[in-house]
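Observations on the model geometry
Each chain, letter by letter, is given below.
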Amino acid sequence: MIALSTHKARRDALHTRVGRPILLMGNQDRIRNLPMNAVPFRQDSTFLYFTGCDVPGAAALVDETGCTLFLAPPADDDALWHGHADTVADVQARYGVERIADIADLEALVPSHAATVAVGDTQATARAGRHTNQTLRYQDGDAALVDAIIGMRRNKTAEELAEHRIAAGFTAAAFKAAMSATRPGGHEAHIAALFDAVLAARGCTTGYHSIVTVRGEVLHMPHYENALEAGQLLLLDGGAERPSGYGVDITRTWPVEGTFNGRQRAAYSAVLESQLEAIAMCRAGTRYRDIQLHTGRVLARWLLDEGLLRGSMDEVMDKHAAAVFFPHGVGHLLGMDVHDLEQFGDRAAYAAGRDRSPHFGTAYLRLDLDLEPGHLVTIEPGFYVVPAILRDPTMRETFGTTVNWDAAEEWLPFGGIRIEDDILVTDGDPEVLTHETPKTIAEVEALVGRGPSALERLS
C-alpha cells in the first residue's frame, strides 16, 4: 500500500505547484437497480492518488492549512448493517488528513476560487463546476491543476512500482492457472472465471473487464460466449488491480489444444519478435512513435515473406499497409488506470506540438512522448485477420495491391494474436515488470492443458 506520508507529500506538492486552494472530487456510488444495490465502486484515480480514500461520495479541499476530507456521516443504524461505525478521529487517522467535515458543508467551506478538475462521475463534476463557476466536461479542469496532476502521476516512484510488481506477480499466477486449465471442450467463461478468481483470492480486482476470447480479431471483445475447440487460439487480456489502484495490463495468446499449428506458430513468432525488438527500444530519449513504426516494419517483413503484403519494404511502409493486420497502437501509459491519465486526453500522452497520425492503425496510438526514466508503458503488438477490414471497400481502395487480399481471405477464420507486457523505462536497460507471465512458444506449450480444467479447479 501507499504510505499516508506519501499522500500528504503529494498534496503539499500539488498545492505548491497550483498556488491556490484545490477542490478534488471523488466518484459516487452508481445505482445498479435499487438504491441499496450499487455497481462495483471504483474511486477516481486522481482522488485516490492524493488521498488514498476509497469512500464513495467523498471530496477534499487542499489549501495552505492542509487537507479537509469531506464525507457523509454514517447513518444512525450503520453499525447494524455494515459493522462498526468509525469515529471522526478514526477516519482522520486512517487517511492522515488535518480535518474531517460533513459533505453537506462542502459549498460553505470551499472557496469559489478553488481550482478543480472533472472526474468520471458526472454528478460530482457538476457539483464542483457549480461551486467554482465553471462548465466542466470530461477532460476539463483548471489548466494549472491538470498539468500538475499529469506531471506528478506520469513518472512512477519506487513506492508505486512496488505495487505494480505485486500486481504483476499475482497476474502471472492467474495466467498460469488459465493456461493450464485450457483444453478443447472448455469455455471462455470458465477461463475468465478462473482468471478473475485467482486475482480475487489475492485481494485484487481486475483493472478492467478481462478479455478472454477465441475471437482475438475483436480487439476488446466484451463477451464470453464461445466453447473452446481444437485449432483455435485463445487470447486473454487482463490484469490485477491492487486496492491502491495500481495494476498491470498483460495479454497472452495460446492454442486451445496446447500446440501451435504451422500458421499459428509462424504468426506468433513474428509478433513475439516484433515485441522483443520494441521492448529493447524502451529507453530514455526514444520517441514512442518510433517504436510504433519499427514494430510495423518488423511485422511487415514477415507479412511480405508470408505473401500477405506485396511490393518493396519502402512501398509497404509508405502505405502503412501492415496496419491491415496490426490495426492499433503498440501501447500506452500505465499506472492507476489501465490507460493512465487518459481522462485528460492526448494532453497527458502526446508531447506539445505532436498530433495523432492520419494513417489507419497509427491513428490509434495512445502515446507519443519522448520516454523518460519512470515512465511505465505497455508494448503490445499483434496480428489479426479481421473480416470487417478485409472486406471493407475503403480499405481495399486505400491499400490497393499492396495487400494480397485473396491470400488474406485464405487465413479466415484465424482470429488474432496479441502479446503484451508492461515496461519500465530506466536510466539504462528497460525492465519488463511482467516477465513472470510465460510467453515463449516452449513455455506456453509446456503449460496449456497440463492442469485440472477450470470447472474442476472451481468446483
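Note: the structure precedes this text.
Below is a short write-up of the structure. (Residues numbered from 1 in each chain as written. Predicted model: local features only at pLDDT ≥ 70, side-chain atom pairs only at ≥ 80, totals over all residues. Heavy atoms only, no water.)

A word on the packing of helix α10 (residues 262-280) against helix α11 (residues 288-306)
- With their axes 9 Å apart at the nearest point, α10 and α11 run at an angle of 155° to one another. Accordingly, the angle class assigned to the pair α10 and α11 is roughly antiparallel. Crossing angle aside, the handedness with which α10 passes α11 is right-handed. Residue-level contacts link Ala266, Ala267, Ala270, Val271, Glu273, Ser274, Glu277 and Ala278 of α10 to Ile291, His294, Thr295, Val298, Leu299, Arg301 and Trp302 of α11.
- Per-class residue counts for the contact of α10 with α11 are nine nonpolar, three polar and three charged. (Axes fitted to C-alpha atoms, helices over the stretch in contact; angles between N-to-C directions. Helix = DSSP H or I, 4+ residues; strand = E, 2+ residues; numbered from the N terminus. Parallel < 35°, antiparallel > 145°, perpendicular 65-115°, else oblique. Left-handed = near helix turned anticlockwise from the far one by under 90°. Contact = heavy atoms within 4.5 Å. Nonpolar A, V, L, I, M, F, W, Y, C, P; charged D, E, K, R; others polar.)

Looking at the environment of Asp305
- Along the polypeptide, Asp305 turns up in helix α11.
- Judged by relative accessible area, which is 66%, Asp305 ranks as exposed. (Buried < 20%, exposed > 50% of the residue type's maximum accessible area, 1.4 Å probe, protein only.)

A few points about the pairing of strand β8 (residues 233-238)
- With respect to burial, β8 is a largely interior element, six of its six residues being buried.
- Residues Leu233, Leu235 and Asp237 point to one face of β8 and Leu234, Leu236 and Gly238 to the other, with burial holding for every one of them.
- Note that strand β7 (residues 211-213) and β8 share three bridges and pair antiparallel. Within β8, the residue paired with Ile211 across the bridge is Asp237. (Pairing = 2+ DSSP bridges.)

Thoughts on the side chain of His332
- Inspection of the secondary structure puts His332 in the loop between α12 (313-319) and α13 (346-349).
- Within polar-contact distance, the side chain of His332 engages the backbone oxygen of Val338 at 3.0 Å.
- In terms of polar contacts, His332 uses its side chain to reach the side chain of His339, at 3.5 Å. (Polar contact = N/O pair within 3.5 Å; in protein donor to acceptor, adjacent residues only side chain to side chain.)

Some remarks on the pairing of strand β1 (residues 22-25)
- Covered by surrounding structure in β1 are Ile22 and Leu24 together with Leu23 and Met25, the residues of both alternating faces.
- Bridge count between β1 and strand β5 (residues 115-116): two bridges; the pairing is parallel. Following the sheet pairing, Leu23 is matched in β5 by Thr116.
- Taken together, the four bridges between β1 and strand β2 (residues 59-63) define a ladder with antiparallel strand orientation. Each bridged residue has a counterpart across the sheet, and for Leu24 the counterpart in β2 is Ala60.

Remarks on unusual backbone geometry
- In this model, Leu412 is joined to Pro413 through a cis peptide bond whose omega is -10°.
- Assignment of secondary structure puts Pro413 in the loop between α16 (405-409) and β13 (415-418).
- The phi dihedral of His320 is positive, around 55°, even though this residue is not glycine.
- Mapped onto the fold, His320 is located in the loop between α12 and α13.
- Its identity is not glycine, yet Leu341 carries a phi of approximately 65°, on the positive side.

A word on the packing of aromatic side chains
- On inspection of all chains with the given rule, the structure shows 11 aromatic pairs.
- Centroid distance Trp302 to Trp411: 6.0 Å. Interplanar angle 90°. Geometry classified as edge-to-face. Of this pair, Trp302 sits in helix α11 while Trp411 sits in the loop between α16 and β13, and the two are 109 residues apart along the sequence. Each member of the pair, Trp302 as well as Trp411, is classed as buried.
- A ring pair is formed by Phe383 and Trp411, whose centres lie 5.4 Å apart and whose planes are at 75°; its orientation type is edge-to-face. Placement of the pair is Phe383 in strand β12 (residues 382-385) and Trp411 in the loop between α16 and β13, with a sequence separation of 28 residues.
- Its relative accessible area of 2% is what places Phe383 among the buried residues.
- Ring pairs connect the aromatic residues Trp302, Phe325, Phe383, Trp411 and Phe414, which therefore count as one cluster. (Phe/Tyr/Trp six-rings, centres within 6.5 Å; stacked < 30°, edge-to-face > 60°.)

Examining the environment of Leu293
- Positionally, Leu293 belongs in helix α11.
- Residue Leu293 is classed as partly exposed on the basis of its relative accessible area of 33%.

A word on the pattern of salt bridges
- Throughout the structure, instances matching the rule amount to 31 salt bridges.
- Here Arg347 makes a salt bridge to Asp147, at a shortest N to O gap of 3.0 Å. In this pair, Arg347 is assigned in helix α13 and Asp147 in helix α7 (residues 143-153), connecting sequence segments 200 residues apart.
- Accessibility expressed as a relative area gives 40% for Arg347, which makes it partly exposed.
- For Asp147, a relative accessible area of 42% corresponds to the partly exposed category.
- Measuring nitrogen to oxygen at the nearest pair gives 2.9 Å for the salt bridge that ties Arg356 to Asp346. Pair noted here: Arg356 is in the loop between α13 and β11 (376-379) and Asp346 is in helix α13, with a separation of 10 residues, a long-range link.
- On the basis of relative accessible area, Asp346 is assigned to the partly exposed category, the value being 30%.
- A cluster of three or more residues bridged by salt bridges with shared partners is formed by Arg287, Arg289, Arg354, Asp368 and Asp370. (Salt bridge = Lys/Arg side-chain N within 4 Å of Asp/Glu carboxyl O.)

Don't take any of this as a statement about function, it's just geometry.
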